[in-house]
Amino acid sequence: MFTADHPHRLRWSLAVTAFVTVVALAASACGSTSKPAGASSGGNPVNATFTYGAFTPVMVGWDPSTDYSNEIIAMNNMYETLTRYDSQTGQVKPLLATSWKKSADAKTWTFTIRQGVKFHDGKPMTAADVKASIDRTITVNQGAAYIWGAVKSIAAPNATTVVFHLKYPAPIDLISSAGYAAFVYDTKASGSTPIAKWFAQGHDAGTGPYTVAQYSKGQEIELRLKSFPGYWGGWSGPHYRNVVFRVVSTPSTTAQLVRDGQITWAEQMTPQLWNSLKSDPNIVTTTASSYQNLFGMLNTSHGPLANVKVRQALAYATDYKGLVAAMGAFTPSIGIIPKGLWGYNPNLPAYQTNMAKAKQLLQSAGYGPGGKPMTLNLTYTQGDQYEQTAAALLKSEYAPLNIKLNVASLAWPTQWSKAKSTNPASRQDILLFYWWPDYPDPYSWFINLFHSANPPYFNLAYYDNPTVDKQIDQVEPLSATNRPQAITLYGQIQTTLLKDSPSLFLGTQTYERAMQKSVGGYVDNPAYPSVVFVYSLKPGQ
């Protein structure tokens, strides 16, 4: 079930690249305080504009089948999926599908397709379009297409019925809700032009409430969306009619633009800046748990960390509480599955900082104070202040244990290439990076990070445990047929991983949002990282 077609995790590394540590609100050069075109107009529900403050360019790509990066925040307003995951209830809700059922063995899933849905060119959407969209995603096999790995074939026996026939049981209702690679679109929208080329020109072909009005690559006002009059949900009642994606790379400027009302909602800023906005009567600040956690992947195949006692020693020597306090906007991780996602288990064993135990383990392996000195090389993504902070703290925490930690910041492509080197001696000893799921299922972490893979792709601890492999292969079908048993098995796998320590679990990020007080109905949904489903908001509240 593993695929090597899983591209790199670009978004958050780039997002935090823009962080600066100096709080400089007073000196912010935001220019005029008059509202330019694209400014928020949340107080005017008649033709309200929602302005999303992004740190990095949004439309990294335009193809709803293949693209796998920042564009998720815009695409989820232009495109829709069969279902959507409600993180508040933990339930999958209807979207383009009104209902669904599965066979007893969970290998056949039948979806009833919503009637009256139109694509942005006015063409009615049918079950055949659903089949064509997902078939193309599977055939092109890029981005997050691996999520459809269980699908053997898709049938559309009539205009309102889609049937998925699977090779093995899988939770197609969850998979259909994915933020990537699950969009339904008009595969014939481009006419005689190859559709990939047509998408790359800045077109969309979705059914969502908004469609492209203007795309200005490289500009601060990068993308404007306008309401689609034929949207099946209708436009009665208060809704934002326009959406603007404004790229501002400096957090202090973003904060000032929020204060001025020129940005409706900001995805993330430094904890200092976020705290500074709490006292503004026109701004609401929120926090929400995310599904995004920070790992320190330990090289289990080469060097000192090939010894499990040394890995366990590092796990005991790590000051988890100090790390999350220093990084800010993080909470300690308990196991791998974040709080709020099914499978989370607060009763899992967890490492507690214990320097005496760390010293004992190191000395039993011949290292530690009075033993052989140890030198380890750690890499983190260049410009990521959270990872930089974590690396500096780990360096100081390990030093009293006779461990010299060499820290190197590398651009993500360089870091990833080094980690995947065919020469094990060229790889790092510790690699810091984030993971979040492609759809709301714990499987994403386990199959990608801890299932053996040769050559390595995202298993950058090079962990190879046949028993764990077998359990991971068993757990995804169980999630479709016996969820409680799947949760139990996930607990067993995590317990083994804690014992084997192929990774340090350094913390789970907390989303800290700032938005205009006029925004009504906002709820953070960690299953769709930093996506704002603008249609569901009420302006002028």
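Residues numbered from 1 in each chain as written. Predicted model: local features only at pLDDT ≥ 70, side-chain atom pairs only at ≥ 80, totals over all residues. Heavy atoms only, no water.

Novice: Run through the confidence of the model for the protein chain, naming residues and quoting values.
Specialist: Residues at a pLDDT of 70 or more form 91% of the protein chain, whose mean pLDDT is 90. Taken together, the stretch residues 1–40 has pLDDT below 50 and engages in 121 contacts with residues farther than four places along the chain or on a different chain. (pLDDT = per-residue confidence, 0-100. Contact = heavy atoms within 4.5 Å.)

Novice: Just give me the short version of the packing of aromatic side chains, but keep the residues and values in it.
Specialist: Per the counting criterion, the structure on display carries 33 aromatic pairs. Look at Tyr 79 and Phe 183: their rings are 5.5 Å apart centre to centre, the planes differ by 45°, and that puts the pair in the tilted class. Placement of the pair is Tyr 79 in the loop between helix H2 (72–78) and strand S2 (83–86) and Phe 183 in the loop between helix H4 (172–175) and helix H5 (195–200), with a sequence separation of 104 residues. An identical accessibility class is assigned to Tyr 79 and Phe 183; each is buried. Centroid distance Trp 412 to Phe 433: 6.2 Å. Interplanar angle 15°. Geometry classified as stacked. One end of the pair, Trp 412, is in helix H12 (residues 412–419); the other, Phe 433, is in strand S16 (residues 430–435), with 21 residues separating them in the sequence. Of the two residues, Trp 412 and Phe 433, neither departs from the other in class, the shared state being buried. Aromatic ring contacts, followed pair by pair, group Trp 412, Trp 416, Phe 433, Trp 435, Tyr 457 and Phe 458 into a single cluster. Across the ring face of Tyr 511, the terminal group of Arg 513 is positioned such that the distance to the ring centre comes to 4.1 Å. (Phe/Tyr/Trp six-rings, centres within 6.5 Å; stacked < 30°, edge-to-face > 60°. Helix = DSSP H or I, 4+ residues; strand = E, 2+ residues; numbered from the N terminus. Buried < 20%, exposed > 50% of the residue type's maximum accessible area, 1.4 Å probe, protein only. Lys NZ or Arg CZ within 6 Å of the ring centre and 35° of its normal.)

Novice: For the nonpolar core, give the residues involved together with the corresponding values.
Specialist: In terms of nonpolar packing, the biggest core is built from 152 residues, with Phe 164, Phe 295, Ile 430 and Phe 433 touching the most fellow members. Residues within four places of Phe 433 in sequence aside, it is in contact with Asn 293, Leu 294, Phe 295, Met 297, Glu 387, Trp 412, Leu 449, Phe 458 and Leu 460. Residues Val 248, Leu 257, Val 258 and Leu 277 belong to the second largest nonpolar core, which totals 13 residues. (Core = buried A, V, L, I, M, F, W, Y, C linked by side-chain atoms within 4.5 Å.)

Novice: An account of the sheet that holds strand S7 (residues 161–166) is requested, with residue identities and associated values reported.
Specialist: Read from one edge to the other, the open sheet built from 4 strands follows the order S4-S5-S7-S6, with strand pairing classed as antiparallel. Whereas interior strands pair on both sides, the edge strands pair on one side only; in this sheet they are strand S4 (97–102) and strand S6 (151–158). Between one strand axis and the next, the sheet turns through 20° on average, direction left out of account. In this structure, S6 lies alongside S7, joined through 5 bridges in antiparallel fashion. Along S7, the bridge assignment pairs Asn 158 with Thr 161. Along the sheet face, helix H3 (residues 127–140) touches strand S5 (108–113), S6 and S7 and points at about 160° away from the line of S6. (Pairing = 2+ DSSP bridges. Axes fitted to C-alpha atoms, helices over the stretch in contact; angles between N-to-C directions.)

Novice: Describe helix H13 (residues 443–450), listing the residues and the values that go with them.
Specialist: In terms of residue burial, H13 counts as a mostly covered element, since 8 of its 8 residues are buried. Within the span of H13, buried status applies to Tyr 443, Ser 444, Trp 445, Phe 446, Ile 447, Asn 448, Leu 449 and Phe 450. Packing partners of the buried residues in H13 comprise strand S12 (283–298), S16, helix H14 (466–481), helix H15 (483–500) and strand S17 (503–516).

Novice: Account for the packing of H13 against H15, naming residues and giving values.
Specialist: Packing of H13 against H15 leaves a shortest axis separation of 12 Å and a crossing angle of 40°. Every pair of crossing elements has a handedness; the one defined by H13 and H15 is left-handed. For the pair H13 and H15, contact is made by Tyr 443, Phe 446 and Phe 450 and by Tyr 490, Ile 493, Gln 494 and Leu 497, respectively. Tallied by class, the residues present in the contact of H13 with H15 amount to 6 nonpolar, 1 polar and no charged. (Left-handed = near helix turned anticlockwise from the far one by under 90°. Nonpolar A, V, L, I, M, F, W, Y, C, P; charged D, E, K, R; others polar.)

Novice: Tell me about the environment of Trp 436, residues and numbers included.
Specialist: Structurally, the position occupied by Trp 436 is in the loop between S16 and H13. Between the alpha carbons of Trp 436 and Trp 274 there is a distance of 23 Å; along the sequence they are 162 residues apart.

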